[in-house]
Structure formats: structure tokens, C-alpha cells
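One-letter residues, chain by chain:
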Amino acid sequence: MDLPAIYDPSLTEEKWYTYWMEHRFFHSVPDDRPKYSMVIPPPNVTGVLHMGHMLNNTIQDVLVRRARMMGKNTCWVPGTDHASIATEAKVVALLKEQGIEKSDLSREEFLEHAWAWKEKHGNIILEQLKKLGASCDWDRTKFTMDPDLSRSVIESFVYLYNEGLIYRGIRMVNWDPEGQTAVSDEEVIHKEVNEKLYYLKYFISQNGTRSTEYVTIATTRPETIMADVAVCVHPQDERYAHLVGQKVLIPLIDKEIPIIADDYVAMDFGTGCLKITPAHDANDYEIGLRHQLPVVDILNDDGTLNEEAKILVGVDRFEARRTIRTLLEEAGCFEKEEAYVTQVGFSERTDAVIEPRLSLQWFVKLSVLAQKALAYVDEGKVHLIPGKFTNTYRHWMETARDWCISRQLWWGQQIPAWTLPNGDIVVASDVQEALKQAREKDPLLQEKDLVQDPDVVDTWFSSWLWPISVFDPDKPGHPGKESNRELAYYYPTDDLVTAPDILFFWVARMIMAGDLFCGQKPFTNVYLTGMVRDKQGRKMSKSLGNSPDPIELMDKYGADGVRMGLMLCTSAGNDILFDESQVEQGRNFCNKIWNAFRLVQSWERDPDREQEDTAAAAVRWMSQLLAATKEEMEDLLSKYRLSEALMLLYKRFWDDFCSWYLEIIKPPAGVKSLDATTYDKTLAFFDVFMHLLHPFMPFITEELWQNLAERRPGESIMVSPVPETGTYVQSAITDFERLQELVAHIRGMRQSKQIPGKTLLDLLIKGSFPESLQGVAKRMAGLNTVSSVSQTPEEGQMYAFLIGTTEFYIPLGNLLDVEEERTKLLVEKEYFQKFLFSVEKKLNNASFVQRAPEHVVAMERKKQADALAKIKALEEQLALL
RNA sequence: GGGAGUUUAGCUCAGCUGGUUUAGAGCACCUGCCUUACAAGCAGGGGGUCGGAAGUUCGAAUCUCCCAACUCCCACCA
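Cut-offs applied
Within every chain, residues take consecutive numbers counted from 1 along the sequence as written. As a convention, the first chain written is A and the first ligand written is 1, with the rest following in written order. Only residues with pLDDT of 70 or above have their local features reported here, since the model is predicted, and side-chain atom pairs are shown and tallied only from 80 upward, although totals for entire chains, interfaces and linings are computed over all residues. Calculated side-chain values reflect all of the structure's heavy atoms, with hydrogen atoms and water omitted. Think of it this way: any DSSP run of H or I at least four residues long counts as a helix, any run of E at least two long counts as a strand, and we number them from the N terminus. Burial classes follow relative accessibility: with a 1.4 Å probe on protein chains only, a residue under 20% of its type's maximum area counts as buried, one over 50% as exposed, and anything between as partly exposed. Calculation of accessible area relied on Shrake-Rupley with a 1.4 Å probe; when residues are assessed, cover is drawn exclusively from the protein chains displayed. By the counting scheme adopted, Arg and Lys are positive, Glu and Asp are negative, and His together with the chain ends is not counted. Positions of charges follow a simple convention, taking NZ of Lys, CZ of Arg, CG of Asp or CD of Glu. Pairing between strands is defined by DSSP: at least two bridges between them are needed. Axis lines are fitted to C-alpha atoms, over the contacting stretch for helices. Their N-to-C directions set the angle, which ranges from 0 to 180 degrees. Aromatic contacts are taken between Phe, Tyr and Trp rings whose centres are within 6.5 Å, Trp giving its six-membered ring; a plane angle under 30 degrees counts as stacked, one over 60 as edge-to-face, and the others as tilted. The criterion is that NZ of a Lys, or CZ of an Arg, lies within 6 Å of the ring centre and within 35 degrees of the ring normal, and then a charge sits over that ring. Here a residue counts as near a molecule or strand whenever at least one of its heavy atoms sits within 4 Å of it. The definition of a polar contact used here is a pair of N or O atoms within 3.5 Å, where within protein one atom must be able to donate a hydrogen and the other to accept one, and adjacent residues in sequence count solely through side-chain atom pairs. This arc is built from the directions going out from the helix axis to the C-beta atoms. Only heavy atoms enter the contact rule, under which two residues are in contact if any of them lie within 4.5 Å. As a per-residue measure, pLDDT reflects the predictor's confidence and takes values from 0 up to 100. The working definition used for a salt bridge is a side-chain nitrogen of Lys or Arg within 4 Å of a carboxyl oxygen of Asp or Glu.

Draft legend 1. Structural context of the overall build of chain A. Counting secondary structure elements, chain A contains 27 helices and 31 strands. Reported as C-alpha extents along the three principal axes, the dimensions of chain A are approximately 120 × 65 × 55 Å. Residues classed as buried in chain A amount to 53% of the 881 residues present. In the form shown here, chain A has an accessible surface area of approximately 39900 Å², with 50% of it arising from carbon and sulfur atoms. A gap of 4 Å separates the mean positions of the 98 positive and 132 negative side-chain charges of chain A.

In C-alpha cells form, the structure reads like this:
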């Protein structure tokens, strides 16, 4: 077989993915084997693949493929998230381009557009994941708004409502007066703005009329004073203590409001005197609740002032701000204004200034759920990797506030609550059930009398069920129901790979849902990836244009190359600074593997040839090294140190297998065959390497594994267990390391003295050196003879060096520069003398010898002895010159 | 403002409960090589005193405290 010198991924990747799909290797059904299961963090249907997905899904695929090769019944469930806010925004924007306003459409019409959009674009990202090699069970692909998953959401809502865990309450939302909708906190962008801080006089009321005394209040929003319901000072503030309990008059409208005390107020800010406007400020609302103050809302949906304002009715809030300043001055209530820089929230979509606004929302009570979710992690039932996130997790769980789950959107699961004509609410899984309940209150009610809450639930209220509902959509909402076979087998899942920024939004809530509906954790290990940033550490974003297109990247470097590049520099929880050179390294490694294979497959197996000693030694070493490598890999992977495991393989394959092993066994020029033993072993080693590498680089390893031997149709490395590698003795490996050091030293000497490789040298060894490796040394260092001596050779013109405490000599004749040698040996001697000095300093320290553990002292004594021996040897060598 | 994390070679990072010669790896860099698997390669080489200061200890990159810089999360002082 004639293979090109450059590996071309485009010839293999698609071919093998198709092959894997055809043979259904990714598909899983429950059976008697131990299982390994994982659910994908469902990407948004609006999304296209970005570098974050690439990293995240590569990690998942590595874990999944490894589990599969270990014989587990492996199930990786893929799917997408309906992402209500993001998707709805996208669809609204798209319709706008076509000249259609959302407000012109009925809910049903809008949803039709949304579904059409989803059908068209929703699977892009999953298709892209296939190119990466993701071995998901595509037959199980789910969408969070699939009918059965939506039913899950509705039933769980009903259950939680009946359990008293869901309630309706008033809450401040971020109101976008331009879009006339509430937006989530995530959609509010805070910007620094130059504003003014206005100082206003609120006169103390004497039976409803102004007294001469007043308090000064600093505010950035004078247009909201008509909505004030109190003035608040700090309880310890002596300046105002005498006024607490009295009343002041709101300027311009002369409405009487009380002066109250609350330690929320900062005494050192502004005047230490705060106006309380519960309808238009979240903190004020909280204070209002504490003091049972009324709420006065003076704003319309579009940001103009309403009747409640009494003045400036119908005027826009910013216009009102300008106008009211003049009015206040005229009324003698304006003291001064100061320039002030403050953070203002803007709508991500319309860029309008967000108005905090009160509205009726649905909430999930979190206190008990959060406590339980914390226990899962604290008790070690769920492991966060890396562990440092446990602190963050705890902090969140301990301060969790109730979860607002209603969203003023259409795309999502509509809240299953119906309002009756009398204002009562019924919550039920469908309208028939709701009507049944309603009729218990009023038998005359008809379906048309019930009005369903128009809001939908938060996306996380569906994705928190994900690890359950993908297996058994009937379970959420019915915790008592027996799990179906799927859930019983696959749940709890094993690993979850996700980003730390959704630890609270998603991970914690899945743990809550798992406990609520299954009485069990949803997963055992949570591997938290870092964020992919660019070389300069900036977030990758479309606007910066610093995010490479993953598809182009894979076209250029191959999926294996990209996977390798990403995996090489990722450690759990740490951001990765992405640079194309990493991917280049991955591609180069693919090429290296490819060429190693080319070399191996160019050889023929010769059953008549005797195995040479050098080859035998190399085989012995490589089989031990592989056994050790496999063990080390298992250890690293069990600790989720994926990049270290890959780096280990990289070095073992490139440095040890290619640069040493293959070079040692390589037949001489002109010979194309290997003895049968070495040949078989070499193929076996290659086989082991392909297996160990496969989870990281699935395509090239499959390609080469398929060509390594005759394979039957339907065979694949992905379902083939890693071959046994036997046991190993560490000393055999360290012996070989000494050989490598020796060879490198001689090669270096050759280079510095410009002795060509063809010139064979003689080597004398004084001291210990494994005899079985002498042949290898000859071959790799270009030696004619290797002999042992018991005495330092007498003759001069010897090139001398030390490895450990073993002395080596090479007669160089007139090639040896005596002065240069002398300098080299003196430098070395000085080094060891300094070293000896530092060791002896320790040993002469009585308290060290007394207090340090015995083995540490013994170690120092050995260092001392070694250093003395080396110095002695160096002195002898010097004398020789 | 609160909380967490990071700071080790030019870059990216290991270094686990303090002691295995005077701190490791990959990439990059330098030198010499197109040696019949691979120049996406081969061989060799240089480079850091572990952010700063103090302390504990026989011994500190590793533990404690302080300081500095950066990152993230939460709350955002009218």
C-alpha cells in the first residue's frame, strides 16, 4: 500500500463517521452490562457551533468513547434547548425584517413562525457536532419543547403548585418601555452614564402645610417624586433622629408621607436621607414591604407619566425630568445639582433605559430545595471538578432567593394556570382538568370563562428536568411513579460537562429536580470547563470577530487536530487561551502518527529471520513502558486530568515510540523486513497506542487500526477493548532512561566536535551500566565497541563524562581539545563542589539530623556520597589530561 | 461593596498532604541537518529562584499573614 506522506483528514473523517453511524455504535439500549450515561448540555436552537461547544463536546466525547471502549453500555443523549428569550428575540427580529410586527400576530400565528424557524435552523448545531466526531446516540435526540418534554414541564409545574412550592407574587421586573415587555436580568446591559444628582427639599408637614424645617434628599430621578411614599433615614443617624415619625410633604404635589428609619440607608451617601419609591426601585420596594408602605405607580407601559403622577401626566419620563427641575426651583424645593456617574441598565434589544417595575409573577420556593441541593455536594454524592467550585456553589445555595419562573413571552411552555371570572386561579395540566376544578367552585362555568396565564415558564424550568425527562418524561410531576426501564437503567447519569457560569442556573437546579422527582442525584461528576478566550485573554465574541469558525478550523486542520489542540491546553475550571498554533500542533501530531504507520506498514514479516539483541531489548523496554503508560493514563483520567493524559501519550508516542523504539528496530537500508517477533510486537504496540489515543483522536486512530490487520466488516476500534499490556518493572524503564542520556550525550559531543555520524567511536564504561542495552547504545550513538573497565584508563586524549556516578570514556585521539576538556571538567567539578557544600551544610546542622525524618537524612547522605564520588571521578579525569 | 479564584521559563500550564540531587512539560526560540516514515521532520542546546514583603520550620514554589495585579460571580448605595 502506497500512502501519501501527508495525512489528509478529509479522506477519513467523514468515511468513518458514516461507518460508525451505519453500524449504530453510538446507539444504546438498556441491557445487562454496566452503563455509562451522560446528557449533553443542550445548546440553544438558535446557536451555531462556537469554540466553547467545541471544547465542551470534545471533552464529553473523550469521556464517552473511553467508557465505551471499557465495555460499558454507553449512552450520550444529545438535544437542543428552546431557549425562549433568545429564540423569541431572533424570530421577532426576523419577522421585523419581513415587515411583520409581533404585535400584529396572534399567539398561534407567532408560534407557527417560531416552529418553522426551529425546523429550519434548529439542527444546525447538532449536525456540526457530527463533524467533530461526537458519538451521541442520535436516535435519542431531544428538544426541550418536544411534546413529551413539554408535558413533563407542565406536570411538574402542577405538582410543585399542589405541593405549595410554586406561588404567585409581586416582584420587580426589568421593564423595557420601548419593547413594552419585561426582560430578564441577563438581557439588561449596565452602562456607566453621566447623570446628575439632584438635591431636593422636602418640607416637614405641620398638619398638611409646610413648616420652615426641611430635609434634603439626593436623587437621580426627580421625576419619580410623585411616587414617593416615605422618606427614610438610618436609625442611628443623629442628624435626623428627632424627625423620625414626623411627616414631610412631597414637593409640587404636597402629599404627606412619613419619615421612617431603616438601616438600608447609607449615612455617608448623599444627605443620608433617601426617598422611598417602591414602584420604581427594587430596593425601595423591599423597604416598602418591611414598613408596610403603599405602592404608587406613576408610569405607563410606554414610559410616560400616568394619572397617579397628578402633574406632567402623559409626559415622557425623561422630558418630565427636565421639566420638573424648573418646577422644583420655582417651588423653592430645589437646592442644587451635582454631576454624578452611575450605572444605568439598558435593554439589550432596544437600547431603551430599563424601568424597574412591579408585576405579578410565578415563583418557586427555593429555601428547602437549595438546602438539599447543597447537601448532595457537601456529602460528596455529587463531585464538582475542580473542587474549588464547591465554595461558589455553597455561597449560592446559602443565599438563594426564590426563583421567578414566569416570562412574558410566547415561545416556551405556557403556564398551566387559568383565571376564573371571579379572579380565582386554578392550576391544572390542561384546560379540561382546569375546568373540572373550576366547576367545583362554580358548576356553571364554561371553558371560555377560563383565561390561561399568557406567560411561559423560564427556560431553566424545562432544562432542570433534562437528565430525567430525556429518559422518562412521565416522571417529573409524578415522583411516586415507578421509573420506566430507561430511567431505572441510565439514571443517575455519570458525568456532566458544562461551564461554571451555569452552575447555579442549571447544575444546581438539576440537582434539585433530581431530588424532587427521583429522590436521587442526576449525575455523579460535574466537570466544569473553562471559557475559551482568544490569545489576549478576551472573550470570544462575534462583535470582536476574534472567534475562529470551528467548521473552517476542522476543514483546515482536521477534526482530530482541532480536538487534540483543544484538549492539550485545557484543565478543568481554567479558561483556555485559544491560539491556532495549538491546533497546528494537533495536526502535526496526526501527521506524525500517520507517518509512523507508513513506516511500519512498509515492512514485511520475515518468519525466518532471527531477532537481534537490540530489537529484543527495545521490545522489552517498549512493552514495559506501555504498561506503565497505560497505568498512568488510567490514573490521570480517573482524576479528570485530560490534558495531562493526552500530553503523556503525545510524548510516549512521539519521543519514545517514534524517536527511540522505531529507530532501534528499523532494519538497515535496503532491507524491508523485520523478524517475526519484532514485527508482531511492533504492530501490537501500535495497536495499544491507537486504543489509548482513540478517545482523543477518533478518526485517525480508526483509520489506522482498520489498516493494522485484517478486520471483519462491522469491527471498529471504538468498540474494541484496549489490549492487555501486562506488568512492568520501573527499573527497566529507568535503565533505558540512562541509555537515552548516554546516547544524547555522545550525540551532543559529536555535534560540538563536528564528528560525523559515520565515524564510529569506542566507548569505555567504568561503573554500572546494563549490559543488555549496550547493543542499543552502539546502534543509536554510532559506536564501534563498548567495553567495561575497572580502572580509569591510563592513556590520555580521552573524552570523559559522567552519567549518575558511572564514568564513560571515549578515545578521541587528536580530535580532543585538551584545554577545552579541562575547562569543561573544572566547571563540572565546581558545580558538584557547590552542591556538596549545600548538602553538607544541611548534614552538619544538628537540628536537621535530629528532627528531619530518617529517610530524608539518608537521602542527603546519599547525595553527599554521590557528589563525593563524582568529584573524585572528575579529579581523576582531570589528572589524565 | 461582598465572595471566589489566579499570579511558576517568551507563551500555555504541571508541581497532590512542605523534604527524591541546584523547579518540570509542551509550544516558541537558538545551532546543525532535506539521514531512503515524516521539514507538519531529525539531532542537539539555552532559558525561570516560583507576583512583592514578612513569618512559621532543621527545611517553603508548597503552610500563615500583609500588599499588589488580573479574572470571574453576586449585589449594585439613592
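Let us keep going from here.
Draft legend 2. View of the sheet that holds strand 28 (residues 761-766). Here we have 4 strands laid out as an open sheet, ordered 29-28-31-30, and mixed in their pairing. Two strands close off the open sheet at either side, each with one partner strand: strand 29 (783-788) and strand 30 (798-803). For this sheet the average axis-to-axis angle between neighbouring strands, irrespective of direction, equals 20°. Bridge analysis of strand 28 against strand 31 (residues 806-811) gives 3 bridges, and the strand direction is antiparallel. By the bridge assignment, Lys766 is partnered in strand 31 with Glu807.

Draft legend 3. Broad picture of the packing of aromatic side chains. In this structure the tally under the stated criterion is 46 aromatic pairs. Relative to Phe504, the ring of Trp396 has its centre 5.6 Å away and its plane inclined at 50°; by these criteria the two rings are tilted. Here Trp396, found in helix 10 (residues 389-399), pairs with Phe504, found in helix 15 (residues 503-518); they are 108 residues apart in sequence, far enough to count as distant. Judged by its relative accessible area of 18%, Phe504 is buried. With a centroid separation of 5.9 Å and 70° between ring planes, the pair formed by Phe657 and Phe686 is classed as edge-to-face. Separated by 29 residues along the polypeptide, Phe657 in helix 20 (residues 642-665) and Phe686 in helix 21 (residues 676-693) bring together distant segments of the chain. Of the two residues, Phe657 and Phe686, both sit in the buried class. Here a set of aromatic residues connected by ring pairs shows up, and it is made of Phe589, Phe597, Tyr650, Phe653, Trp654, Phe657, Tyr661, Phe685, Phe686 and Phe689. Directly above the ring of Tyr214 sits Lys201, whose terminal nitrogen or CZ lies 5.0 Å from the centroid. Lying over the aromatic face of Trp705, Arg711 brings its terminal NZ or CZ to 3.6 Å of the ring centre.

Draft legend 4. Region of the structure containing the pairing of strand 9 (residues 230-233). The side-chain alternation of strand 9 yields two buried faces, one formed by Ala230 and Cys232 and the other by Val231 and Val233. Where strand 9 and strand 12 (residues 273-276) come together, 4 bridges link them in antiparallel fashion. Within the sheet, the bridge partner assigned to Cys232 lies in strand 12 and is Leu274. Here strand 9 pairs with strand 11 (residues 256-261) via 3 bridges, running parallel.

Draft legend 5. Spotlight on the protein's contact with RNA strand B. Near RNA strand B you find 57 residues, and of these Tyr340, Lys592, Asn595, Phe835 and Arg851 are the closest. Protein-proximal atoms of RNA strand B, defined as those within 4 Å of the protein, fall in sugar or phosphate at a share of 59%. Between RNA strand B and Arg641, the relevant distance is 2.8 Å, taken from a phosphate oxygen to a side-chain nitrogen or oxygen of the residue. The side chain of Asn845 places a nitrogen or oxygen atom 3.2 Å from a sugar or linking oxygen of RNA strand B.

Draft legend 6. The arrangement of helix 10 in detail. Regarding helix 10, the residues found buried are Phe389, Thr390, Tyr393 and Met397. Angularly, the buried residues of helix 10 cover 100° about the axis, an arc narrow enough to put them on a single face. Opposite the packed face of helix 10, turned more than 90 degrees from it, sit the exposed residues Asn391, His395 and Glu398. Those residues of helix 10 that are buried lie in contact with helix 9 (367-378), strand 15 (383-385), helix 15 and strand 23 (523-528).

Draft legend 7. The arrangement of the confidence of the model for chain A in detail. In the predicted model, chain A carries a mean pLDDT of 90, and the fraction of residues at 70 or more is 99%. Note on the complex model: pTM 0.90, ipTM 0.94.

Draft legend 8. Highlighting the pattern of salt bridges. Scanning the model with the defined rule gives 54 salt bridges in all. Glu820 is paired through a salt bridge with Lys753; the nearest N and O atoms lie 3.3 Å apart. With Glu820 in helix 25 (residues 818-844) and Lys753 in helix 23 (residues 730-753), this residue pair connects regions lying 67 residues apart in the sequence. Each of Glu195, Arg221, Glu223, Arg317, Arg321 and Glu355 takes part in a single network of salt bridges with overlapping partners.

Draft legend 9. Representation of the environment of Ser10 in the model. Counting through the fold element by element, Ser10 comes out in the segment before helix 1 (13-22). Along the chain, Ser10 and Met554 lie 544 residues apart, while their C-alpha atoms are 9.4 Å from each other. Side-chain polar atoms of Ser10 contact the side chain of Asp8, separated by 2.7 Å.

Draft legend 10. Quick look at the sheet that holds strand 19 (residues 425-427). If you walk across this open sheet you meet the 3 strands as 19-18-20, and the pairing is antiparallel. Since the sheet does not close on itself, it has two edges, and those belong to strand 19 and strand 20 (451-452), each with one partner. Against the sheet, helix 11 (residues 431-441) makes contact with strand 18 (417-419) and strand 19, and its axis sits at roughly 135° relative to strand 19, the strand it touches most.

Draft legend 11. Main features of unusual backbone geometry. Geometrically, the link from Ile385 to Pro386 is a cis peptide bond, its omega value of 0° lying close to zero. Following the sequence through the fold, Pro386 ends up in the loop between strand 15 and helix 10. Backbone geometry places Arg24, a non-glycine residue, at a positive phi of 55°. As for its placement among the helices and strands, Arg24 is situated in the loop between helix 1 and strand 1 (35-39). Since its relative accessible area comes to 45%, Arg24 is described here as partly exposed.

Draft legend 12. The arrangement of the side chain of Gln624 in detail. If you trace the backbone, Gln624 turns up in helix 19 (residues 613-638). For Gln624, the residues in contact, after removing those within four places along its chain, are Tyr728, Val729, Ala732 and Ile733.

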